[in-house]
Amino acid sequence: MTGALFKANFWSTDILSTAGYDCLIQHLNNGRKNCKEFEDFLKERASIEEKYGKDLLNLSRKKPCGQSEINTLKRALEVFKQQVDSVAQCHIQLAQTLREEARKMEEFREKQKLQRKKTEILMDAAHKQKNLQFKRTMDAKKTYEQKCRDKDEAEQAVHRSANLVNPKQQEKLFVKLATSKTAVEDSDKTYMMHVSTLDKIREDWQSEHIKACEMFEAQECERINFFRNALWLHMNQLSQQCVTSDDMYEEVRKSLEACSIEKDIAFFVNHRKTGQTPPAPIMYENFYCPQKNTASQGKALGTNLARTETRSD
């Protein structure tokens, strides 16, 4: 964990500003989006693995591959087809595993979303209350300042009327001054009350902001760790797929090592031989001078008849 970095670095001197909070929310939203993108990546990779596995399975089971081979090479080809079938099954199984990992990522995203929602609701309410009280305080300040100006004007009017001989008019000015002083006192109390209330609300908001920062930082640490581990696991799964496939291919290599050219040739000869005696040469026979000796003649081209002549002296 990094400590208290968020709560120390996301403030603003403007009491109405939510820049720090908004920056954190945007960062967390981006993190959630990144998790969703990885989740979608896993799902799409799972579809690719599943399609590849099924295509490989169909290829292994339906496509002839050296089906007329014999003896040791035939056995090697049988092992080859079996292992290709197994590799295909492994890819289909990997697709299921990847979908499960995508589901875990989705559950993690939703869990963090619900956790954040409670904090965001509290912070939104705190921001609205702070903004509303600030407006009330500024309105009270304006009223207070205006009452002060009214009192000052009333005092100046009384000073200007010091030489007036009309007592009724002077009395009105004194009444107005007294009224303005009372209004100043009342508006001053109201203004001070609003300032005090705003400061209490500010302290409450500041406390909630600190809690939110701590919660957001803890969530972000958890998210980065979860994302990192998910990616690491994904790499392990792909590596294991390669290792498993190579183990299966090794079985094929072993069967090929047991393949014997001499044995396959001998096997073919022993099971398919047609005879060991080649045809005898076709001898020339002169029609007018028949041969004295007896000879076994070979088969004439284009016929199935053997000619044999025997002549006595």
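Residues numbered from 1 in each chain as written. Predicted model: local features only at pLDDT ≥ 70, side-chain atom pairs only at ≥ 80, totals over all residues. Heavy atoms only, no water.

Our focus in this paragraph is the overall build of the protein chain. Helix and strand counts for the protein chain stand at 5 helices and 2 strands. Secondary structure elements in the protein chain, listed N-terminal to C-terminal, are α-α-α-α-α-β-β. Against the 2.2 N^0.38 benchmark of 20 Å for 313 residues, the protein chain shows a C-alpha radius of gyration of 50 Å, more extended than a compact globule. Looking at the protein chain residue by residue over its 313 residues, the buried ones come to 28%. In the protein chain, the proportion of contacts linking residues at least 24 apart, taken out of those at least 6 apart, comes to 82%. In the structure as shown, the protein chain presents an accessible area of about 22,000 Å², 56% of it carried by carbon and sulfur atoms. In the protein chain, the 52 positive side-chain charges and the 47 negative ones have mean positions that sit 3 Å from each other. (Helix = DSSP H or I, 4+ residues; strand = E, 2+ residues; numbered from the N terminus. Rg over C-alpha atoms; globule rule 2.2 N^0.38 Å. Buried < 20%, exposed > 50% of the residue type's maximum accessible area, 1.4 Å probe, protein only. Contact = heavy atoms within 4.5 Å. Areas by Shrake-Rupley, 256 points an atom, 1.4 Å probe, with all protein chains shown as cover. Lys, Arg positive; Asp, Glu negative; His and termini not counted. Charge placed at Lys NZ, Arg CZ, Asp CG, Glu CD.)

Right, let's talk about unusual backbone geometry for a bit. Unusually for a residue other than glycine, asparagine 71 sits at a positive phi of about 55°. Its place among the elements puts asparagine 71 in helix H3 (residues 71-160).

On to the UniProt feature "coiled-coil region" (unreviewed entry) in the protein chain, then. The UniProt record marks residues 91-118 with the feature "coiled-coil region" (unreviewed entry), using the residue numbering of this structure. With 100% helix and 0% strand, residues 91-118 has end C-alpha atoms that lie 42 Å from one another. (UniProt positions renumbered as here; feature names shortened; annotations may be inferred.)

Further remarks concern the packing of helix H2 (residues 19-62) against H3. Taken N-terminus to C-terminus, the directions of H2 and H3 make an angle of 165°; their axes are 8 Å apart at the nearest point. The pairing of H2 with H3 is recorded here as roughly antiparallel in orientation. Relative to H3, the crossing made by H2 is left-handed. The residue inventory of the contact of H2 with H3, partitioned by class, reads 20 nonpolar, 7 polar and 20 charged. (Axes fitted to C-alpha atoms, helices over the stretch in contact; angles between N-to-C directions. Parallel < 35°, antiparallel > 145°, perpendicular 65-115°, else oblique. Left-handed = near helix turned anticlockwise from the far one by under 90°. Nonpolar A, V, L, I, M, F, W, Y, C, P; charged D, E, K, R; others polar.)

Taken as a whole and judged by the stated rule, the model has 8 aromatic pairs. Look at phenylalanine 38 and phenylalanine 41: their rings are 6.5 Å apart centre to centre, the planes differ by 10°, and that puts the pair in the stacked class. Highlighted residues: phenylalanine 38 and phenylalanine 41, both in helix H2, separated by 3 residues, approximately one helical turn. Members of the aromatic cluster, each reached through a chain of ring pairs, are Phe38, Phe41 and Phe227. Between the NZ or CZ atom of lysine 130 and the centre of the ring of tryptophan 205, over which it lies, the distance is 4.7 Å. (Phe/Tyr/Trp six-rings, centres within 6.5 Å; stacked < 30°, edge-to-face > 60°. Lys NZ or Arg CZ within 6 Å of the ring centre and 35° of its normal.)

With a relative accessible area of 15%, asparagine 71 lands in the buried category. A distance of 3.2 Å separates a polar atom in the side chain of asparagine 71 from a polar atom in the side chain of aspartate 264. Beyond its immediate stretch of four places on either side in the chain, asparagine 71 contacts Lys263, Asp264 and Phe267. (Polar contact = N/O pair within 3.5 Å; in protein donor to acceptor, adjacent residues only side chain to side chain.)

Glancing now at the side chain of threonine 72. In this structure, threonine 72 sits in helix H3. Assessed through its relative accessible area of 6%, threonine 72 is described here as buried. Polar contacts involving the side chain of threonine 72 include one to the main-chain amide nitrogen of serine 260, which spans 3.1 Å. What threonine 72 contacts, discounting residues up to four positions off in sequence, is Ala258, Cys259, Ser260 and Asp264.

With that out of the way, let us pick up the pattern of salt bridges. Inspection of every chain in the model, using the stated rule, returns 26 salt bridges. Between lysine 36 and aspartate 40 there is a salt bridge; the shortest N-O distance is 2.9 Å. In this pair, lysine 36 and aspartate 40 both sit in helix H2, 4 residues apart, roughly one turn of the helix. On the basis of relative accessibility, which here comes to 32%, the residue lysine 36 falls in the partly exposed class. Aspartate 40 sits in the partly exposed class, given a relative accessible area of 32%. (Salt bridge = Lys/Arg side-chain N within 4 Å of Asp/Glu carboxyl O.)

With that settled, consider the confidence of the model for the protein chain. Averaged over the protein chain, the pLDDT score is 89; the fraction of residues at 70 or greater is 91%. Predicted confidence for residues 293-313 stays below pLDDT 50, and this span has 23 contacts to residues more than four positions away or in other chains. (pLDDT = per-residue confidence, 0-100.)

The subject of this paragraph is the state of the cysteines. Enumeration according to the criterion identifies 0 disulfides in this entry. Not part of a disulfide, cysteine 23 finds its nearest cysteine sulfur in cysteine 213, a span of 10 Å. Residue cysteine 23 is classed as partly exposed on the basis of its relative accessible area of 41%. Distance from the sulfur of cysteine 242, which forms no disulfide, to the nearest cysteine sulfur (cysteine 90) is 11 Å. (Disulfide = S-S within 2.5 Å.)

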